[in-house]
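Single-letter residue listing:
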Amino acid sequence: MARFFGNNPQVRRVIPGFHLSLGFTLFYLGLIVLIPLSAVFLKTFTMTWEAFWNTVTSERVIASYKLTFGASLLGALINVFFGGIVAWVLVRYKFPGKKLIDALVDLPFALPTAVAGITLATLYAPNGWIGKLLVPLGIKVAYTPLGVLVALTFIGLPFVVRTVQPVLEEAEKELEEAAVSLGASHFQTFARVIFPSILPALLTGFALAFARATGEYGSVIFIAGNMPMVSEITPLFMITKLEQYDYAGATAIAVVMLLLSFSLLLSINALQAWTRSRQNAGRE
């Protein structure tokens, strides 16, 4: 065995190619991710600090930041709650049409974003099937910030469901049965046994849904109305800059979005790692 694996069996692998595959991975990530991001920063560096600051802190841009990140965070939180329920129902219960509902969860993945936006705008317009029922109640969805929230919630749901679903499928039901046999109520069983096991998956789903929502464009512009200072999202504002041939201004806003999104995702990943470390410590 030592002759086959060499002097250090821990270093060698049964299937060789680590250095080649690692080199290809770094090359591919650099080509697809690092070079485009570097181009964004390099283009932004052509601006003076004063021009950069005036661009990214203008009143209209700040309003788009608040709408984009606020609606993305709220939509991701809504999806964590309802997506968790959907995943729970799909895993723990058997009922007619289960496979159909399971397939419908992936609809936002398969549906072109423009088609989704047009569909939502048609449904929630004042004369739409859903909108005409909400207008008498004083609720206007289409062409308002609420419409943006609806679109971002729609496209983010599958990320939470598909992240939590396999974790629930692999959960040890013996632990739940043991907790019940020891006198724990249903709420205590969920809070102390089930929820801690799916919390990292919920955080991952939240991060994925939030990341997708911050950059969403096609499904939002049709239902948002795109009114400046009211329902204009940051990606649309960047497109407007590009149409005006203000490439430096567009990349400046993109850099701010990138830094804010990365900071939030880093915080979520740190919280996820802390949660897993606590779970591992509790098991030991």
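This text goes with the structure placed above it.
Calculation notes
- Residues numbered from 1 in each chain as written.
- Predicted model: local features only at pLDDT ≥ 70, side-chain atom pairs only at ≥ 80, totals over all residues.
- Heavy atoms only, no water.
- Helix = DSSP H or I, 4+ residues; strand = E, 2+ residues; numbered from the N terminus.
- Rg over C-alpha atoms; globule rule 2.2 N^0.38 Å.
- Areas by Shrake-Rupley, 256 points an atom, 1.4 Å probe, with all protein chains shown as cover.
- Lys, Arg positive; Asp, Glu negative; His and termini not counted.
- Charge placed at Lys NZ, Arg CZ, Asp CG, Glu CD.
- Phe/Tyr/Trp six-rings, centres within 6.5 Å; stacked < 30°, edge-to-face > 60°.
- Buried < 20%, exposed > 50% of the residue type's maximum accessible area, 1.4 Å probe, protein only.
- Contact = heavy atoms within 4.5 Å.
- Patch = residues over 30% accessible without salt bridge, like charges linked within 9 Å, V, L, I, M, F, W, Y side chains within 5 Å.
- Salt bridge = Lys/Arg side-chain N within 4 Å of Asp/Glu carboxyl O.
- Polar contact = N/O pair within 3.5 Å; in protein donor to acceptor, adjacent residues only side chain to side chain.
- Core = buried A, V, L, I, M, F, W, Y, C linked by side-chain atoms within 4.5 Å.

1. Comments concerning the overall build of the chain
Here comes step 1: In terms of regular secondary structure, the chain is built from 14 helices and zero strands.
Here comes step 2: In sequence order, the chain lays out its α and β elements as α-α-α-α-α-α-α-α-α-α-α-α-α-α.
Here comes step 3: Here the chain has a C-alpha radius of gyration of 24 Å; the compact-globule value for 284 residues is 19 Å, and the former is much larger.
Here comes step 4: By its C-alpha atoms, the chain is 65 × 55 × 30 Å across when sized along the principal axes.
Here comes step 5: With an accessible surface of roughly 17500 Å², the chain has 69% of that area assigned to carbon and sulfur atoms.
Here comes step 6: Charge-centre separation for the chain: the mean point of 20 positive side chains lies 4 Å from the mean point of 15 negative side chains.

2. Some words on the packing of aromatic side chains
Here comes step 1: Applying the stated criterion to the full structure yields 10 aromatic pairs.
Here comes step 2: With 5.6 Å between their ring centres and 35° between their planes, W49 and F52 make a pair best called tilted. Placement of the pair is W49 and F52 together in helix α3 (residues 49-56), with a separation of three residues, close to one helical turn.
Here comes step 3: By relative accessible area, W49 is classed as exposed at 62%.
Here comes step 4: One aromatic cluster in this structure is built from W49, F52 and W53.

3. Observations concerning the side chain of T251
Here comes step 1: Among the structural elements, T251 can be located in helix α14 (residues 247-283).
Here comes step 2: Residue T251 is classed as buried on the basis of its relative accessible area of 14%.
Here comes step 3: In this view, T251 contacts V40, K43 and T44; residues no more than four positions away in its chain are not counted.

4. What about a nonpolar patch on the surface?
Here comes step 1: On the surface, a nonpolar cluster with roughly 970 Å² of combined accessible area is contributed by F24, F27, Y28, L29, L31, I32, V33, L34, I35 and L37.
Here comes step 2: Along the chain, the position of I32 falls in helix α2 (residues 18-44).

5. Remarks on the side chain of S231
Here comes step 1: With respect to the helices, strands and loops of the structure, S231 is situated in the loop between α12 (218-224) and α13 (234-243).
Here comes step 2: Within the structure, the side chain of S231 is placed 2.6 Å from the backbone oxygen of A224, a separation counted as a polar contact.
Here comes step 3: Ignoring any residue separated from it by four or fewer positions in sequence, one finds S231 in contact with L67, Y143, T144, P145, A224, G225 and N226.

6. Section: the pattern of salt bridges
Here comes step 1: With the rule as written, the count across this model stands at five salt bridges.
Here comes step 2: Between R60 and E232 there is a salt bridge, with the nearest N and O atoms lying 2.7 Å from each other. Of this pair, R60 sits in helix α4 (residues 59-92) while E232 sits in the loop between α12 and α13; the two residues are 172 residues apart in sequence, bridging distant segments of the chain.
Here comes step 3: Given the relative accessible area of 32%, R60 is considered partly exposed.
Here comes step 4: Relative accessible area serves as the criterion here: at 4%, E232 is assigned to the buried category.
Here comes step 5: Here R162 and D102 are joined by a salt bridge, their closest N and O atoms 2.7 Å apart. Of this pair, R162 sits in helix α9 (residues 145-170) while D102 sits in helix α5 (residues 98-104); the two residues are 60 residues apart in sequence, bridging distant segments of the chain.
Here comes step 6: Owing to a relative accessible area of 25%, D102 belongs among the partly exposed residues under this scheme.
Here comes step 7: Three or more residues are tied together by salt bridges with common partners; here these are D102, D106 and R162.

7. Let's talk about the nonpolar core
Here comes step 1: F52, V56, Y65, V164 and L168 are the most contacted members of the largest nonpolar core, which has 31 residues in total.
Here comes step 2: Mapped onto this core, the elements with two or more residues apiece are α3, α4, α9, α11 (186-214) and α14.
Here comes step 3: Counting residues per element, this core draws most heavily on α11, which supplies eight residues.
Here comes step 4: Non-local contacts of Y65, meaning those with residues more than four positions away in its chain, are made with V56, G70, T234, I253, V256 and M257.

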